[in-house]
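For reference, the chains in residue letters:
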Amino acid sequence: GDAALKNIVAVMATLNRDAAEAMIEVGANACTDVTGFGLLGHLKSMLDGSGVGARITLSNVPIIPDAWEMGERGFIPGGTGRNRLWVEDEVDWDADVSAMGRTILMDAQTSGGLLIAVTEDAEPRLHAALSARGVAGHTIGIVTTERVLAVVP
């Protein structure tokens, strides 16, 4: 209800400036902000441009708890359906990834966080730089040499 909406708006109102500064300090390989094409749509564009693949772990993706409830109640933006048409068949989905989990990963967002790719040795430094700025960082997957975008639970 109202509390969920206020929480979502508060998250969306948070700027990415601090995260961008941390990323520059560490030296990222690639970055995009997650907006209208959803997490998987933006990730797919990054991967296609780089000639690599990725394996994402859904349980590691930070998802606003209220998003699950809102999705189950049918509050899904129209853009999410368009993202599904573009991305869903391009993903190697683990059978245990729920339909709502798939939908949330393709959710058309208006103001998401940053999706940052760093080398394995830079990952702890990125987390430290984010933490020093009061920003929560999450490792949601790995980049692979196999040109497949996979999602596991």
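One can find the structure itself at the top, above this paragraph.
The rules behind each value
Residues numbered from 1 in each chain as written. Predicted model: local features only at pLDDT ≥ 70, side-chain atom pairs only at ≥ 80, totals over all residues. Heavy atoms only, no water. Helix = DSSP H or I, 4+ residues; strand = E, 2+ residues; numbered from the N terminus. Rg over C-alpha atoms; globule rule 2.2 N^0.38 Å. Buried < 20%, exposed > 50% of the residue type's maximum accessible area, 1.4 Å probe, protein only. Contact = heavy atoms within 4.5 Å. Areas by Shrake-Rupley, 256 points an atom, 1.4 Å probe, with all protein chains shown as cover. Lys, Arg positive; Asp, Glu negative; His and termini not counted. Charge placed at Lys NZ, Arg CZ, Asp CG, Glu CD. Salt bridge = Lys/Arg side-chain N within 4 Å of Asp/Glu carboxyl O. Pairing = 2+ DSSP bridges. Axes fitted to C-alpha atoms, helices over the stretch in contact; angles between N-to-C directions. Left-handed = near helix turned anticlockwise from the far one by under 90°. Core = buried A, V, L, I, M, F, W, Y, C linked by side-chain atoms within 4.5 Å.

> I'm lost on the overall build of the protein chain in this one. Help?
When its secondary structure is counted, the protein chain shows 7 helices and 6 strands. Along the protein chain, helices (α) and strands (β) appear in the sequence α-α-β-α-β-α-α-β-α-β-α-β-β when read from the amino end. Here the C-alpha atoms of the protein chain give a radius of gyration of 15 Å, agreeing with the 15 Å that 2.2 N^0.38 yields for 153 residues. Projected onto its principal axes, the C-alpha positions of the protein chain cover 40 × 35 × 25 Å. Expressed as a percentage of its 153 residues, the buried residues of the protein chain come to 34%. Counted over contacts in the protein chain with a minimum sequence separation of 6, partners at least 24 positions apart contribute 83%. Roughly 8,700 Å² of accessible area belongs to the protein chain as shown, and the carbon and sulfur atoms make up 54% of that amount. Mean positive and mean negative side-chain charge positions of the protein chain (11 and 20 charges, respectively) differ by 4 Å.

> Would you mind showing me how to read the pattern of salt bridges here?
Where charged atoms from two side chains of opposite charge approach closely, those side chains can pair. Within this structure, the stated rule accounts for 6 salt bridges. In this structure, the salt-bridge partner of glutamate 21 is arginine 133, at a minimum N-O distance of 3.7 Å. Placement of glutamate 21 in helix H2 (residues 17–26) and of arginine 133 in the loop between helix H7 (123–132) and strand S5 (141–144) is noted, with a sequence separation of 112 residues between them. When its relative accessible area of 38% is taken as the criterion, glutamate 21 is described as partly exposed. The partner of arginine 73 in a salt bridge is glutamate 69, with the nearest N and O atoms 3.4 Å apart. Ionic contacts of the salt-bridge type, sharing partners, join the residues Glu21, Glu25 and Arg133 into one network.

> What exactly am I supposed to notice about the sheet that holds strand S6 (residues 149–152) here?
Remark on secondary structure: sheet strands pair via backbone hydrogen bonds, oriented parallel or antiparallel. Reading across from one edge, S3-S6-S2-S5 is the order of the 4 strands in this open sheet, with mixed pairing throughout. Each of the sheet's edge strands pairs with one partner strand only, and the pair in question is strand S3 (91–93) and S5. For this sheet, the mean inter-axis angle between neighbouring strands, taken without regard to orientation, is 15°. Taken together, the 4 bridges between strand S2 (residues 53–57) and S6 define a ladder with parallel strand orientation. Its bridge partner being in S6, alanine 54 is matched across the sheet by leucine 149. Contacting S2, S3 and S6, helix H3 (residues 38–50) runs over the sheet at an angle of about 145° to S6.

> In this structure, what is going on with the packing of H2 against H7? I would like to understand it.
Contact pair H2 / H7: the axes reach a minimum separation of 9 Å and the direction vectors enclose 145°. Here H2 and H7 pass one another in a crossing that is right-handed. Along its contact with H2, which presents Ala19, Ala22, Met23, Glu25 and Val26, the element H7 presents Arg125, Leu126, Ala129 and Leu130.

> What should I look at first to understand the nonpolar core in this one?
The biggest cluster of nonpolar side chains holds 21 residues, and the ones touching the most others in it are Leu40, Leu43, Trp93, Leu105, Leu149 and Val151. Contributions of two or more residues to this core are made by H3, S2, S3, strand S4 (114–117) and S6. The dominant element in this core, judged by the number of residues it contributes, is H3, at 5 residues. Once residues lying within four places of it in the same chain are set aside, the contact partners of leucine 43 are Ala54, Ile56, Leu115 and Leu149. Of all hydrophobic cores here, the second largest spans 7 residues; its members include Ala122, Leu126, Ala129 and Leu130.

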